[in-house]
Amino acid sequence: QYLNALIDNMKPKIIVLFGNISLKMFKDGPSILEEHGKQFNLLGNEFFSLYSLNYLATFDGDNKNAVQAELLKDIDVLIDTIKERHPELIKGEEK
């Protein structure tokens, strides 16, 4: 309830959710394993889900490298999404 009021007052352009717990606060259904790197809208707010850094820390070796590469790819998608939908948020980009 407090979080919803905070979001309503701040009116953020995009909300980045790190990990499964934050994702589940706003969206039922698939876990972060299926939803990472994806954007969704809810009640007029734009959300983007990423793996949490704690999740990344649970891996080692090649597995960690693979998950890290996925996270970096997802961050690139997030940046592209922001550039496309909210260019005013990127330094040096025109509105």
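Residues numbered from 1 in each chain as written. Predicted model: local features only at pLDDT ≥ 70, side-chain atom pairs only at ≥ 80, totals over all residues. Heavy atoms only, no water.

## Here we look at the sheet that holds strand β3 (residues 45-50)
Inclusion rule: Two strands form a pair only when DSSP identifies at least two bridges running between them. Every helix listed is a DSSP run of H or I at least four residues long, and every strand listed is a run of E at least two residues long, numbered separately from the N terminus. Note on method: axes are straight lines fitted to C-alpha atoms, helices fitted across the in-contact stretch only, with angles between N-to-C directions ranging 0 to 180 degrees. What makes two residues a contact is simply this: any of their non-hydrogen atoms within 4.5 Å.
Judged by pairing direction, the sheet is mixed, and its three strands sit side by side in the order β1-β3-β2 without closing on themselves. Every other strand in the sheet has two partners, leaving β1 (15-18) and β2 (39-42) as the edge strands with one partner each. Across the sheet, the axes of successive neighbouring strands diverge by a mean angle of 35°, strand direction being ignored. Note: β1 against β3, four bridges, orientation parallel. Bridging from a neighbouring strand, L17 pairs with S49 of β3. Along the sheet face, helix α5 (residues 61-85) touches β1, β2 and β3 and points at about 160° away from the line of β3.

## Some details on the packing of aromatic side chains
The cut-off we apply is this: Here a Phe, Tyr or Trp ring, Trp counted by its six-membered ring, pairs with any other such ring whose centre lies within 6.5 Å, and the pair is stacked when the planes are under 30 degrees apart, edge-to-face when over 60, and tilted otherwise. Exposed residues in this analysis have more than 50% of their type's maximum accessible area, buried residues have under 20%, and partly exposed residues fall in between, with area computed by a 1.4 Å probe over protein chains only. Lysine and arginine charges are scored as sitting over a ring when NZ or CZ, respectively, is within 6 Å of the ring centre and within 35 degrees of the ring normal.
Applying the stated criterion to the full structure yields four aromatic pairs. Seen in terms of ring centroids, Y55 and F59 are 5.1 Å apart; in terms of plane orientation they differ by 80°. Their pairing is edge-to-face. You can call Y55 partly exposed: its relative accessible area is 26%. F59 sits in the partly exposed class, given a relative accessible area of 24%. Each residue in the set F26, F40 and F47 is aromatic and connected to the rest through ring pairs, giving one cluster. The ring of F40 has K27 sitting right over it, with the charged end atom 4.7 Å from the ring centre.

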